[in-house]
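Here is what each chain is made of, one letter per residue.
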Amino acid sequence: MTMLTKQQEALDEKRSIDEDVLVEVRNVKKYFSIKGGILQKTVGQLKAVDDVSFTIRKGETLGIVGESGSGKSTLGRVLIRLLDSTAGQIIFNQTDITNLRQRQIRPIREDMQMVFQDPFASLNSKMSIEQLIEEPLLVQGKLAKAARKEKVLEVLEKVGLRKDDLQKYPHEFSGGQRQRISIARALVLNPKFVICDEPVSALDVSIQAQVLNLMKDLQGDLGLTYLFIAHDLSVVKHISDRVAVMYLGRFAEIAPKKQLYEKALHPYTQALLSSIPTIDLNVGNAKKEKIKLEGDLPSPANPPSGCTFRTRCPKAHDRCAVDRPELLEIEKDHFVACHLYSEG
Amino acid sequence: MHTVNEKENQHDELEIETTRKHRSPLQLSLRRFLKNKLAIAGMIVLIIIIGSAVFAPLLTDHDPKEHNLLKVEQKPSKEHILGTDSSGRDNFSRLLYGARVSLTIGISTMVFTVLLGMIFGTLSGYYGGKIDSIIMRITDLFLALPFLVLALTIIALLKKVTIGLFVVIIAVTSWPTLSRIIRGTFLSLREQEFVLGARAIGASDFRIIFRHFLPNAIGPIIVNATLLMAAMIIVESGLSFIGMGIPQPTPTWGNMISEAQGLRILRYHPEAWIPPGLAILLTVLSINFIGDGLRDAFDPKSDRR
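Values in this document were obtained by computation on a predicted structure and should not be read as measured data. (Residues numbered from 1 in each chain as written. Chains lettered and ligands numbered in written order. Predicted model: local features only at pLDDT ≥ 70, side-chain atom pairs only at ≥ 80, totals over all residues. Heavy atoms only, no water.)

**Observations concerning the packing of aromatic side chains**
Residue and element names in this part refer to chain B. Inspection of every chain in the model, using the stated rule, returns 11 aromatic pairs over all chains. Measuring from ring centre to ring centre gives 5.4 Å for Y126 and F213, while their planes differ by 70°; the resulting arrangement is edge-to-face. One end of the pair, Y126, is in helix α5 (residues 91-127); the other, F213, is in helix α10 (residues 205-241), with 87 residues separating them in the sequence. Taking the relative accessible area as the measure of exposure, F213 reaches 0% and is therefore buried. On the basis of an interplanar angle of 40° and a centroid distance of 4.7 Å, the ring pair of F206 and F210 is categorised as tilted. (Phe/Tyr/Trp six-rings, centres within 6.5 Å; stacked < 30°, edge-to-face > 60°. Helix = DSSP H or I, 4+ residues; strand = E, 2+ residues; numbered from the N terminus. Buried < 20%, exposed > 50% of the residue type's maximum accessible area, 1.4 Å probe, protein only.)

**Considerations on helix α7 (residues 147-157) of chain B**
All names here are of chain B. All of the buried residues along α7 are L150, A151 and I155. Along α7, the residues classed as buried sweep out an arc of 130° about the axis, all on the same side. Exposed residues on α7 whose side chains face more than 90 degrees from its buried face are A156 and L157. On its buried face, α7 sits against α6 (129-144), α8 (163-190) and α10. (Arc of directions from axis to C-beta. Contact = heavy atoms within 4.5 Å.)

**A short note on the pairing of strand β1 (residues 21-36) of chain A**
Residue and element names in this part refer to chain A. As paired elements, β1 and strand β2 (residues 41-57) share 12 bridges and run antiparallel to each other. Paired with K35 across the bridge in β2 is T42. With antiparallel pairing between neighbouring strands as the criterion, β1 and β2 make up a hairpin whose turn holds 4 residues, including G37 at a positive phi of roughly 75°. As paired strands, β1 and strand β4 (residues 87-92) are joined by 5 bridges and run antiparallel to one another. Counterpart to V23 in the pairing with β4 is F92. (Pairing = 2+ DSSP bridges.)

**Remarks on the sheet that holds strand β5 (residues 95-96) of chain A**
Residue and element names in this part refer to chain A. Across the sheet, 4 strands lie side by side as β2-β1-β4-β5; this open sheet has antiparallel pairing. Either end of the sheet is taken by a strand with one partner, and the two such strands are β2 and β5. Here helix α2 (residues 72-79) sits on the sheet in contact with β1, β2 and β4, set at roughly 70° to β2. (Axes fitted to C-alpha atoms, helices over the stretch in contact; angles between N-to-C directions.)

**Things to note about the sheet that holds strand β6 (residues 112-115) of chain A**
Residues and elements named next belong to chain A. The strand order across the open sheet formed by 8 strands is β6-β7-β8-β3-β9-β10-β12-β11, and the pairing between neighbours is mixed. If you trace the sheet from one side to the other, it starts and ends with β6 and β11 (328-331), each paired once. On average, adjacent strands in this sheet sit at an angle of 20° to one another, irrespective of strand direction. Bridge analysis of strand β7 (residues 193-197) against strand β8 (residues 225-230) gives 5 bridges, and the strand direction is parallel.

**Some remarks on unusual backbone geometry**
All names here are of chain A. Although it is not a glycine, N27 adopts a positive phi angle of roughly 45°. With respect to the helices and strands, N27 occurs in strand β1. For N27, a relative accessible area of 41% gives the class partly exposed.

**Structural notes on the packing of α7(B) against α8(B)**
Residue and element names in this part refer to chain B. For the pair α7 and α8, interaxial distance at closest approach is 10 Å and the crossing angle is 145°. The hand of the α7/α8 crossing is right-handed. Contacts from F147, L150, A151, I154 and I155 in α7 reach F166, I169, I170, T173 and S174 in α8. Tallied by class, residues from the contact of α7 with α8 come to 8 nonpolar, 2 polar and no charged. (Left-handed = near helix turned anticlockwise from the far one by under 90°. Nonpolar A, V, L, I, M, F, W, Y, C, P; charged D, E, K, R; others polar.)

**With respect to the environment of B:A217**
Residues and elements named next belong to chain B. Structurally, A217 can be placed in helix α10. A217 sits 24 residues away from F241 along the chain, and the two C-alpha atoms are 36 Å apart. Ignoring sequence-local partners within four residues, the contact set of A217 consists of T185, F186 and L189.

**Some remarks on the nonpolar core**
Ranked by size, the top nonpolar core spans 56 residues in total, and within it A:I133, A:I183, A:M215, A:L218, A:Y226, A:F228 and A:L233 carry the most contacts. Broken down by element, the residue count for this core peaks at 6 residues, all from helix α7 (residues 205-222) of chain A. Beyond its immediate sequence surroundings of up to four residues, A:I133 is in contact with A:V152, A:L156, A:I181, A:A184, A:R185 and A:V188. Core analysis: the next-biggest nonpolar cluster, separate from the first, contains 47 residues, B:L82, B:F92, B:I221 and B:A225 among them. (Core = buried A, V, L, I, M, F, W, Y, C linked by side-chain atoms within 4.5 Å.)

**A look at helix α2 (residues 25-34) of chain B**
All names here are of chain B. Inspection of α2 places P25, L28, S29, R32 and F33 among the buried residues, and these make up the whole buried set. An end-on view of α2 places all buried positions within 140° of arc, on one side of the element. Summarising the geometry of α2, the exposed residues directed more than 90 degrees from the buried face are L26, L30 and L34. On its buried face, α2 sits against α3 (37-54) and α13 (270-298).

**Concerning the interface of chain B and chain A**
On the chain A side, the residues contacting the 36 residues of chain B number 48 residues. Here chain B and chain A share an interface that buries about 3,600 Å² over both sides, 51% of which is from carbon and sulfur atoms. Run the count over chain B and chain A and you get 1 salt bridge. Between A:E135 and B:R207 there is a salt bridge, with its nearest N and O atoms 2.9 Å apart. In this assembly, chain B and chain A are joined by 11 residue pairs in polar contact (both at pLDDT 80 or more). Within the residue set of the side of chain B that touches chain A, elements represented by two or more residues are α1 (10-16), α2, α9 (193-200) and α10 of chain B. For the side of chain B that touches chain A, the leading source of residues is α9(B), giving 7 residues. Residue classes in the side of chain B that touches chain A are distributed as 11 nonpolar, 14 polar and 11 charged. (Buried area = accessible area lost by both parts, 1.4 Å probe. Salt bridge = Lys/Arg side-chain N within 4 Å of Asp/Glu carboxyl O. Polar contact = N/O pair within 3.5 Å; in protein donor to acceptor, adjacent residues only side chain to side chain.)

**Structural notes on the confidence of the model for chain B**
Across chain B, pLDDT averages 79, with 90% of residues at or above 70. Among the scores for the predicted complex, ipTM is 0.78 and pTM is 0.77. (pLDDT = per-residue confidence, 0-100.)

Right, here's the structure in full:
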């Protein structure tokens, strides 16, 4: 009892400080066990997400960038409880949803939705567009039939599709249009928070911009909060307010967009930024130096000791192999996990 | 890198053909099936066979079970188109009524097996983990024992085999193959993004199974069910032929052929065993053609947009 009241007090205190925080993630870990041998014993652990903490304020977009295998998609799926976290706490809209049962989580899914990466795999090909967009309403048991139809039409228009698309099936659409359908499906419940798991990485560049603009417009209209996962910084730049860079299940750096793009501190972020192809009209005029990373991403099942990035870091020194750098606030709102910036 | 080649402005092109009918994937499969000549031929033959079984009383006046020892092993005549068997029963009438039994057994064993296979395959493929391990070990056990030997043992232990009992025995011994197929399909579906999407909106297990898994697994299920039906007709004939199936005097095609075990009938009365043999051949062949047609119709690789 006392424990509960204490927790409640702590929560109340927190609430008064961060009224506008929608999502708070505290030390979340997701380990997958690696099974081996005839008896399928656990022989190791794959640390897909390893001790990640952050908050997202209402109306904000947090971009998460990382190579494939960095754990960014896993993080998204843990947040929406498609996967159970190994440790840590997820607080959504002032409710701790970390350990809620599937039945208890259902009403919360109304406020928290997800847009998936592959528009060809994320829509059930046997359902018409109307059925697809209506399904979330049906599952949540929200509206009567007539109101549902109206809502479906309303959302359909919002994402730039038309009424006669309703009776079509996914195979009749292009990738960009399918992603619009996915977005409509996510938005039909009027969520507060949308997790976008690489929503444009399967699309043509010209269509990427259209879909990104649509998402940005919708955010303004509906007051949405986004967690935007991507594997390249240029896509994230367009839509994010803050950007986090992920490497082997940890945050390397997290900062407001402007600061991160102009003054990246972590060597990994610097390398990522320099790899963005640019059109340089003044050739020979202060040409940007490219930082090339050596080697591949190490296996998350067997990460390097100390700083996990040290094996590929051009600025690694002795300490990096021993100590694990903590995520420290170097400037206001600018956090970096690198020994170059920690004292001592 | 980019999988999408279509242009977004396809929308404008589509505007011209807004009157076009939108077909669901199932309708598209059906259209593909109807274009398959071999499958349609199989369909026609099967309809004729089913028709003659249904309308058997209109096509013959003889009772297939009525024996007449004064008229045994008669050659074909106007009265008995295909002659009579060793008990003096009319062969033609037995052929028609036999179709009833053989088809009933084929269809009902198929339905029963599919039902069992679907229940266990769904449990196994959807829930995975311990349930999956237990069910799969049971199927291993069934698959390790030769199916016919198992069925024969059960039949030998029972005193009287009725059609209903026969169906149950065959279904119980043959569901593991189908449940493995369904489990495999479900396992591959489980990792698809649209299933994650359904979970993300809070869909119940029931909804995910019936609205998302089964419609996407219906192709392999229907195809295997058809082929299973053909196999079941053969099994019934085979068991009846060696006297372990439906007992006499019930007319089945297998029972009719078993007459030909006698060398005299085999040699002098081909009209007694060739027609039921042909009937089995035609039925099984046409069902298999239909099955192959369905396979092609459901296979996404043959998809034409």
